[in-house]
Amino acid sequence: MAVFLELLVNGISVGAVYALIALGFVVIFKATEVVNFTHASLLLAGGYAIAWLHPLIGFWAAVAAGIAAAALVGALVEFLILRRAHVGSRGVLAIVTIGVDILLTTELTRRIGTEVLALGDPWGDRVLRIGPVTVAETRVVALAVAAALIVAFLLAFKFTGWGVAMRATAEDAETAALMGVRLGRVSLSAWAVAGALAAVAAMFLCVFPTPGLDRGTAAAAMKAFPAAILGGLDSTTGALAGGLIVGVTETLMSGYQSELAFLGRGIGDAAPFLVMIVILLLRPSGLFGTKEPARV
Amino acid sequence: MSGEAGPGIGGPETVGPGTAAPGTVDPGIAAPGTVDQRSEGLDIRGLEVRYGPVRALRGVHLAVPRGAVAAVLGANGAGKTTLLRAVSGTLRFHRGAITSGTVAFGGSRLDGVPAAAVVRRGVVQVPEGRRVFARMTVAENLRAGALSVPGRRAAAARERVLELFPVLAERAHQRAGLLSGGEQQMLAIGRALMAGPSLLLLDEPTLGLAPLMAARIADTVRQINAQGTSVLLVEQNAAMALALAERAYVLEVGEVTLSGPAADLAASDEVRRRYLGVGVPETDRPVGTDPGPAHERPERTRLARWTA
Ligand SMILES: Nc1ncnc2c1ncn2[C@@H]1O[C@H](COP(=O)(O)OP(=O)(O)OP(=O)(O)O)[C@@H](O)[C@H]1O
Ligand SMILES: [Mg+2]
């Protein structure tokens, strides 16, 4: 039972981090209808900035700088590439983002090399004991921060002018423009917000029990894709649910790996994608979505 | 062409002496000072719009003086919506572009100005088919309409809108998609008013509404205009449009074929027959008023179904 609870808490915590990534992914899709495959490299950029800067300016300042850097990279990708790519089809734009992702990831992994870069976080490998359950402090912080960010984001989405502009654009871009919404700004801000959320996620993906940032971090970020897609590409609620489902499934599958040996090793890594496929077979537009990914 | 229309303004055929009111000279709003007022209000000259190879408007001249209501009549596919898109800067959403001519408002050019900036110049369009944000509440829709103005002005505009449409206050927290067609039209107009426009562009506001609701919308347009907002009204309901407007234009296959004071147009045989569905039978159509090559617009209908 304790094992199950521990796995569950860890799963929810990891899931909350995935939800941050998925949320950015969904925000970009809502604002621009582009499936953004650059997301993993935005995350890597944020993580790399933190790893590179923390010896110079300390952890917290490095985190702030990393968030700003990832937001900037996101905004630049939008401004310099997507805004100028006058291609008719969203499918082509999605492929453009794959190209940008490959460029960015190649450059970043070249810089990272074969090293594992520590982020210099203050939590180290400390654990919290709550009754029979033992959880890493990093996981608890990740859960708290992710939850706070998600709540802040949803409130902003619901109540601020930015959120109203965003939702109006998502529903009907032309009519939003008739309301005076500057679509370029909406799109730019979506990419920046997505970058910022990805950088926070990067930080939590690279601290204990993970040894640090390495070239595999982008692969970990890829798990947010099934999270976003199974929740429904255009649904913020879906991003949260999807993140949690992926996090918990992955953690439980890995935790009970020995019992599930008949499924083969590494089932934890494959599980998110299996869950995504099953859910999409049952509900083509995802759990909470209204648009099918096939549309793009 | 009557003298008051001014040089280079008005369609190829302006209703005036002879057509409608023999002996009178184009009374209506084309009064002295019109030309000056035009440079104040909306002024469209020689407008040509294309969607790729499709030429949707050719050489359109049209003016809405400050404070006036002007109506544009025309069959399906005549280019009415295209005309409004050219003013509001939304052609680019339909891969269309202005290929020649100018659109000016308040003395400065609007052509080439992005949609969001047109709104900030005081010109706001209510799109065809209402297009309320269905997944947002009524209150949020109104808020969206005010995104281009500072908070204080938005609050004042909101008060004015809710006074005009009390039903929107009752339904404030309901999803806009659940409103009736008439309520959605009121929301669409209210949402546009939130930006405090000096010129309102209305695209078929009574389409699909029951006569009573259409009459209410017409009353509202009159009220909005009385409060100082100019209106460019696109309508297939010619009777209503001609009753509201001071000046009217008939658009056919992308060209203004008739224009003049609304009262004169309402009295002209051609308009009565083709847009008001009264008078001379169809077969007696005089030569020279052919509606254009039918093969170009198969879904073209007589407007006779809109009986006054
Ligand atoms: N996006 C587009 N691409 C190509 N052609 C278009 C496009 N939109 C409109 N057209 C064409 O331009 C012409 C004018 O269309 P428009 O929608 O302006 O007419 P309308 O007078 O508003 O008609 P309705 O009364 O049916 O709304 C039509 O021939 C139409 O087929
Ligand atoms: Mg139309």
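Refer to the structure printed above.
As a starting point, this report considers the structure included with it. Only a predicted model underlies this, so the values are computations on that prediction, with no experimental measurement involved.

### Comments concerning the interface of chain A and chain B
At the junction of the two partners, chain A supplies 23 residues and chain B supplies 26 residues. Summing both sides of the interface, chain A and chain B together bury roughly 2,200 Å²; the carbon and sulfur share of this comes to 57%. When the buried surface of chain A facing chain B is broken down by residue, Glu174(A), Leu178(A) and Met179(A) rank first, second and third, together holding 33% of it. Where chain A touches chain B, the interface holds four salt bridges. With a shortest N-O distance of 2.9 Å, Arg131(B) and Asp172(A) are connected by a salt bridge. At the surface where chain A touches chain B, the tally comes to ten residue pairs in polar contact (both at pLDDT 80 or more). Contributions of two or more residues to the side of chain A that touches chain B are made by α5 (137–159), α6 (161–171) and α7 (173–178) of chain A. Class assignment of the residues belonging to the side of chain A that touches chain B gives a composition of eleven nonpolar, six polar and six charged.

### Observations regarding the packing of helix α3 (residues 59–82) of chain A against helix α8 (residues 183–205) of chain A
When two helices pack together, their arrangement is captured by the angle between the axes and the distance separating the axes. Residues and elements named next belong to chain A. Axis separation between α3 and α8 bottoms out at 7 Å; the angle between their running directions is 145 degrees. Once α3 is placed against α8, the crossing between them reads as right-handed. Judged by residue contacts, Phe-59, Val-63, Gly-66, Ile-67, Ala-70, Ala-71, Gly-74, Ala-75, Val-77, Glu-78, Phe-79 and Leu-82 of α3 engage Gly-184, Ser-187, Leu-188, Trp-191, Ala-192, Gly-195, Ala-196, Ala-199, Val-200 and Met-203 from α8.

### Quick word on the sheet that holds strand β1 (residues 42–51) of chain B
All names here are of chain B. Read across the sheet, four strands follow the order β2-β1-β4-β5 without closing on themselves; strand pairing throughout is antiparallel. Each having just a single partner strand, β2 (54–64) and β5 (108–109) make up the two edges of the open sheet. With respect to the sheet, helix α2 (residues 80–88) is in contact with β1, β2 and β4 (96–105), its orientation differing from that of β1 by roughly 110 degrees.

### A look at the pattern of salt bridges
Considering all chains together, one arrives at 16 salt bridges over all chains under this definition. Between Glu78(A) and Arg83(A) there is a salt bridge, and its shortest N-O distance comes to 3.1 Å. Linking Asp219(B) and Arg222(B) is a salt bridge whose minimum nitrogen-to-oxygen distance equals 3.1 Å. Separated by three residues within a single helix, Asp219(B) and Arg222(B) lie in helix α8 (residues 211–226), roughly one turn from each other. Of the residues examined, Arg222(B) reaches a relative accessible area of 43% and is grouped as partly exposed. Each of Glu107(A), Arg110(A) and Arg111(A) takes part in one network of salt bridges that share partners.

### With respect to the layout of surface pockets
In this structure, the largest pocket occupies an estimated 1,300 Å³ of space. Lining the largest pocket are 37 residues, and of these Arg90(A), Ala173(A), Leu183(A), Arg92(B) and Phe93(B) sit closest to its centre. For the lining of the largest pocket, the secondary structure elements donating two or more residues are α1 (2–32), α3, α4 (90–112), α6, α7 and α8 of chain A together with α3 (115–120) of chain B. Per-element tally for the lining of the largest pocket: the top contributor is α8(A), with four residues.

### Focus on the coordination of the magnesium ion (ligand 2)
All names here are of chain B. Taken together, the protein ligands of the magnesium ion (ligand 2) are Thr-81 (OG1), Glu-128 (OE) and Glu-128 (OE), with distances of 1.9 to 2.8 Å. Highlighted residues: Thr-81 in helix α2 and Glu-128 in the loop between β6 (123–126) and α4 (138–145), separated in sequence by 47 residues. By relative accessible area, which is 15% here, Thr-81 ends up buried. The exposure class of Glu-128 is partly exposed, given its relative accessible area of 32%.

### So, the sheet that holds strand β3 (residues 69–74) of chain B
All names here are of chain B. Here we have six strands laid out as an open sheet, ordered β6-β7-β8-β3-β9-β10, and mixed in their pairing. Of all the strands in the sheet, the pair left with one neighbour each is β6 and β10 (255–261). Averaged over all pairs of adjacent strands, the angle between their axes in this sheet comes to 15 degrees, without regard to strand direction. As defined by bridge partners, β3 adjoins strand β9 (residues 247–252) across five bridges and the pair is classed as parallel. Residue pairing across strands places Ala-70 opposite Arg-247, the latter belonging to β9. Seen against the sheet, α2 touches β3, β6, β7 (199–203), β8 (230–235) and β9 and runs at an angle of roughly 150 degrees to β7.

Rules of the game
- Residues numbered from 1 in each chain as written.
- Chains lettered and ligands numbered in written order.
- Predicted model: local features only at pLDDT ≥ 70, side-chain atom pairs only at ≥ 80, totals over all residues.
- Heavy atoms only, no water.
- Contact = heavy atoms within 4.5 Å.
- Buried area = accessible area lost by both parts, 1.4 Å probe.
- Salt bridge = Lys/Arg side-chain N within 4 Å of Asp/Glu carboxyl O.
- Polar contact = N/O pair within 3.5 Å; in protein donor to acceptor, adjacent residues only side chain to side chain.
- Helix = DSSP H or I, 4+ residues; strand = E, 2+ residues; numbered from the N terminus.
- Nonpolar A, V, L, I, M, F, W, Y, C, P; charged D, E, K, R; others polar.
- Axes fitted to C-alpha atoms, helices over the stretch in contact; angles between N-to-C directions.
- Left-handed = near helix turned anticlockwise from the far one by under 90°.
- Pairing = 2+ DSSP bridges.
- Buried < 20%, exposed > 50% of the residue type's maximum accessible area, 1.4 Å probe, protein only.
- 1 Å grid on protein atoms, 1.4 Å probe; cavity = no way out; pocket = protein on both sides within 12 Å on 5 of 7 lines; lining within 4 Å.
- Points joined across faces, edges and corners; volume = space filled by probe spheres on them.
- Donors = N, O, S within 2.8 Å, 3.2 Å for Na, K, Ca; no water.

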